[in-house]
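Summary of structural features
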Amino acid sequence: MQIPSFQKLDTFDTIMVSKRDRPVVKFVIMFPFGAEVDPHNQQGLTNITGDMLLRGTKSLTRTEIENKLDELGASLSIYTGFHSVSIEGQILKRNFPELLRIIQTILSESTFDEDELEKLKNEITSQLRHRLDDDQGLAKTAFNREMFVGHTYAQEVMGNEKTLSSITKENVETHFKTYFSSKQVLIGLSGDTSNAMLDLCVMTIKRSLPTNDIPQPNAASMNFPKGKILLFVDKPERTQTHFFIGHPTMSMLDPHAFDFLVYQTAFSGGLFQAKYMQEIRVKRGWAYGAYGSVDYRKYASTSYLYTFPKNVDTADAISTSLDLYAQAREGTILSTSDIEFAKHYLYRSFPFKIDTPGKILSQKIHQKHLGLPEDYIETYRHHIEAVQADNIHNRISDFFTKQDFLISVLGSKDTLLDQLVERLKPDQVKVISFEELI
Amino acid sequence: MIQKINDFQFGTHYHLEKYKFDNGLQVILFPDKSVPVFAYHTWFHVGSRNEREGITGIAHFFEHLMFKETTNFKEGEFDRKLEEAGGKINAATYVDWTFYRQSLPIESFDMICELESDRMQNVILSQKQLDSEREVVANERRFRVDNNPTGVMYEELYKLAFTSHPYHWPVIGWMKDIESINLEDCMTFYKQFYAPNYATIVVVGDIDTQHTLQTIDRFYGKIPSSKSTHAQLPKEKEQTQQKEMHLELELSSPRVLLGYKVPQATHRDLPTLELLQSLLFQGRSSRLYRRLVHTDQIATHASGWVNHTKDPGLFIIDVALKKDHQCEEAIAIIDDELQKIVNTSIPKEELQKCKTKVETSFWEQLKTVDDKAQSVGFHETVYGDYRMMFEEVHQISSITSEQIQSACKTYLRPENRTIIKATPKR
């Protein structure tokens, strides 16, 4: 499949990936701001403003919007991230023009009804409460809060009970007027598309929104935790723990990002053959899954290992994970053939990154979002091929920290905490109840 | 000998062909030349339905053992070869089936045939392998069930709803059985079910029919079939009264599951029940979603689906309530909405809306080569004919309001359901 480039249409960055085997169109309309512009003590305002667009306009009630979307066979959601808000979904091709009429209505005529706002706040609060049932998610939330303390990345995009309660209709209206401009909006279509459909989409956004400049957020500074920190999230009656161990790492823009990608893939990249999976699951049978990943963000990325052993294996599993990290940093754990293996995997699995128009669209938007070069996908294989094991070994100390590890463990305190403290000898121990995480 | 069983054209882009080998192996080919990759799925007609008390979970356990050593390939070599080739590998087990899936660049076709055919006949089963994987499976159970309220609730739902059919026990198995499955059980299971006459291979992607069939014949053609068994599974007695259980779990707020007994996947009422599901839960304007989440605002989440199974299964409704609401409130609303369907004809526009949503979902399951292989393999294994995935959409387009009302009245009635109510531990 051809990989297209972004094109300027009118003032918009647009991209279209066509394939006509299914009569379905995926669409993305992305705004260049996100939860990072939430005012202090009003975390969740951007998310709520986005969601309120589907809660009623001058000509359509919320119920009518939902009915119309379902009649068209459309899915339409509004996603808020830290740096973007996007209206996206998919629809049968024949109904695309009608969908654009609805999008125009919600962008130009939303009423931000007070009752609907209260309902939405209530719904979000309940959704946050439901997160308490997800042990893996709680351990990860705790990890991010501690890692990015004081920064937007430590917050929930959805806000929390306290900040949500302070958001008013006036706040939402002002936020909408301030930020929802057609300036710098990105438009993407994939699937059974045509130039005429893209033109229509551009016209719709142009007609719907003003062209005002939007304020730029101030990027808060990062103060990453120092030393070995054990953050214990206490939840009663667990027979198993979930833990994340990690630290800040290099961004995708770093000149050595591909070296890191290959090394990280060989070490813990989610493959059965990755060293971490082999050591935790295959050799020791401690957990059903064991993998590492990197969360790439605009301002700071984090690398981590994750697994979920039973209680009695937890201290051993954390200790082993830290040893593996140390060996990874020393360059003693992976051989040249392990690195070549990861290169082969990344090179040869590349077609699966671009095997559907929807995936190409997502990749292109993601790379633009992170500020990656326009030809990132096109040159991906070349970069992987160019990675050399010797160069990696000279750079390993940039990939992994020596001593600043954050260890977030969800489990039952009474069963495990003393044992972990004695075994891991952390520089700092913090204990929170799982209920503090909403 | 390879016999062509049928071929099937859908629209202008999709053409499928089904073949059968002398040893019983079935092969379905679905060419898609748009990307230089392919999906290779091996569907075995075996699942937890083929177990008994004492060895529950063995079908799933076996899925793990299939990634171990064979007489031709050392432990880890299977994964290593496929991952080095850029492949995506996985497997899944359910009540009626077990399948092994790979998506690979097209250059690796011969290799996957060699590896998959090898492990169909040459897995080395030893006590050491069994014991090392037993702990991993037990840990998977802790992850999916014992420390997971959702897992506990679904396990209890099936346990209570089915009393004599094997759908009674969980696919992952009872912990006591996971701990006690022995080598002999595994050997018997392997010999019986991991044979060509229990398998359907589905290949979707950038393939050449002639080469694909020749290669499969080269690697699988000489594998002997096993003696087919058609054990009569115990039939569930008709349910005549509502069953109910209350659990106290580590939950943030109450949650309720309702499982209504419905017929097997091939039954003529299943497409109608699928459309009824759409009417109730598909999209924000669907009746029960809207009522529970938006209008009455007692729930944060409400969903429903029909579990398509070889034998009669369940139409499941799952409602996560807000913290100050009770399961009984949700049940009352569900009963009220179901009664409205039974009593009042469904407006034509609403019916059309549901059909459009089903059409969209149909296309959704055909995005990647892997999606396509999964749909084809599932329909061939559960329905006995892959063409049903296309036929079902056609059938749904002609369903009437009366049919939906009748299906609702017949199946979604209180005495035909099992309810699991879960509330937070105090």
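Placed above this text is the structure.
A brief look at the structure comes next. Here the structure is a predicted model, which means the values were calculated and not measured. (Residues numbered from 1 in each chain as written. Chains lettered and ligands numbered in written order. Predicted model: local features only at pLDDT ≥ 70, side-chain atom pairs only at ≥ 80, totals over all residues. Heavy atoms only, no water.)

1. Side note on the layout of surface pockets
Residues and elements named next belong to chain B. As a reminder, the rule being used: Each cavity reported here is a set of points on a 1 Å grid over the protein atoms alone in which a 1.4 Å probe fits but cannot get out, each pocket an open set with protein on both sides within 12 Å along at least five of seven lines, and each lining residue one with an atom within 4 Å of a point. Grid points are joined across faces, edges and corners, and a volume is the space filled by probe spheres set on the points. We count a stretch as a helix when DSSP gives it H or I for four or more residues in a row; a strand needs E for two or more, and each element gets its number in order from the N terminus. Side-chain classes follow a simple rule in which Ala, Val, Leu, Ile, Met, Phe, Trp, Tyr, Cys and Pro form the nonpolar group, Asp, Glu, Lys and Arg form the charged group, and the remainder, Gly included, forms the polar group. Domain start and end points were adopted from an automatic or database domain assignment.
In this structure, the largest pocket occupies an estimated 1400 Å³ of space. Looking at the largest pocket, it is lined by 47 residues, and the ones nearest its centre are Arg-49, His-165, Ala-231, Leu-233 and Asp-311. If you list the elements that add at least two residues to the lining of the largest pocket, you get helix H7 (183-193), strand E9 (255-262), helix H13 (369-382) and helix H15 (401-411). Broken down by element, the residue count for the lining of the largest pocket peaks at six residues, all from H7. Looking at the lining of the largest pocket, its residues break down into 16 nonpolar, 17 polar and 14 charged. Lining the lining of the largest pocket are residues from two domains, each supplying at least three of them: domain 1 (2-220) and domain 2 (243-424).

2. Quick look at the interface of chain B and chain A
How we decide: Here a residue-residue contact requires only that any non-hydrogen atoms of the pair lie within 4.5 Å. We define buried area as the total accessible area lost by two parts upon association, computed with a 1.4 Å probe and summed across both. Criterion for a salt bridge: a side-chain nitrogen of Lys or Arg within 4 Å of a carboxyl oxygen of Asp or Glu.
Contact residues are listed per partner, giving 61 residues for chain B and 66 residues for chain A. Between chain B and chain A the total buried area reaches about 5600 Å² when both faces are included, carbon and sulfur atoms providing 51% of it. On the chain B side of the contact with chain A, B:Glu83, B:Asn147 and B:Glu250 bury the most area, a combined 12% of that side's loss. Linking chain B to chain A there are seven salt bridges. Two residues, A:Asp70 and B:Lys357, come together in a salt bridge whose shortest N-O distance is 2.9 Å.

3. A closer look at the sheet that holds strand E1 (residues 2-10) of chain B
Residue and element names in this part refer to chain B. Note the following rule: Here, a strand pair is defined by DSSP locating no fewer than two bridges between the strands. Every axis corresponds to a line fitted to the C-alpha atoms, with the helix fit spanning only the stretch in contact, and the corresponding angles, defined between N-to-C directions, vary from 0 to 180 degrees.
Across the sheet, which stays open at both edges, the seven strands sit in the order E1-E2-E3-E7-E4-E6-E5 with mixed pairing between neighbours. Across the chains shown, the open sheet's two edge strands, defined by having one partner strand only, are E1 and strand E5 (88-93). Shown here is a sheet whose adjacent strand axes are inclined to one another by a mean of 15°, direction ignored. Pairing of E5 with strand E6 (residues 98-105) involves six bridges; the strand directions are antiparallel. Paired with Ala-92 across the strands is Phe-99, a residue of E6.

4. Digging into the pattern of salt bridges
The condition that has to hold: Note on classification: 1.4 Å probe, protein chains only; a residue is buried when its accessible area is under 20% of the maximum for its type, exposed when over 50%, partly exposed between these limits.
Counting across every chain of the model gives 72 salt bridges over all chains. Linking A:Asp10 and A:Lys206 is a salt bridge whose minimum nitrogen-to-oxygen distance equals 2.7 Å. Linking A:Asp10 in the loop between strand E1 (7-9) and strand E2 (12-18) with A:Lys206 in helix H8 (residues 195-208), this pair joins segments that are 196 residues apart in sequence. Classification of A:Lys206 as partly exposed rests on a relative accessible area of 43%. The salt bridge involving A:Asp295 is made with A:Lys140; its shortest N-O contact spans 2.8 Å. On the criterion of sequence distance, the pair formed by A:Asp295 in strand E9 (residues 290-295) and A:Lys140 in helix H5 (residues 135-147) is long-range, its members being 155 residues apart. Of the two residues, A:Asp295 and A:Lys140, neither departs from the other in class, the shared state being buried. Because the salt bridges share partners, they merge into one network encompassing A:Arg55, A:Arg62, A:Glu66, A:Glu116, A:Lys119, A:Glu123 and B:Arg290.

5. Looking at the sheet that holds E1(A)
All names here are of chain A. Across the sheet, which stays open at both edges, the six strands sit in the order E1-E2-E6-E3-E5-E4 with mixed pairing between neighbours. The sheet is open, and its two borders are formed by E1 and strand E4 (75-80), each paired with just one other strand. Neighbour to neighbour, the strand axes of the sheet diverge by 20° on average, direction disregarded. Inspection of the sheet shows E4 paired to strand E5 (residues 85-92) by six bridges, in the antiparallel sense. From the neighbouring strand, Ser-77 faces E5, where its bridge partner is Glu-88. Sitting on the sheet, helix H3 (residues 96-109) touches strand E3 (24-31), E4, E5 and strand E6 (186-191), and the angle it makes with E3 is about 20°. In the packing of helix H13 (residues 357-369) onto the sheet, the strands contacted are E2, E3 and E6, and the crossing angle to E6 comes to about 160°.

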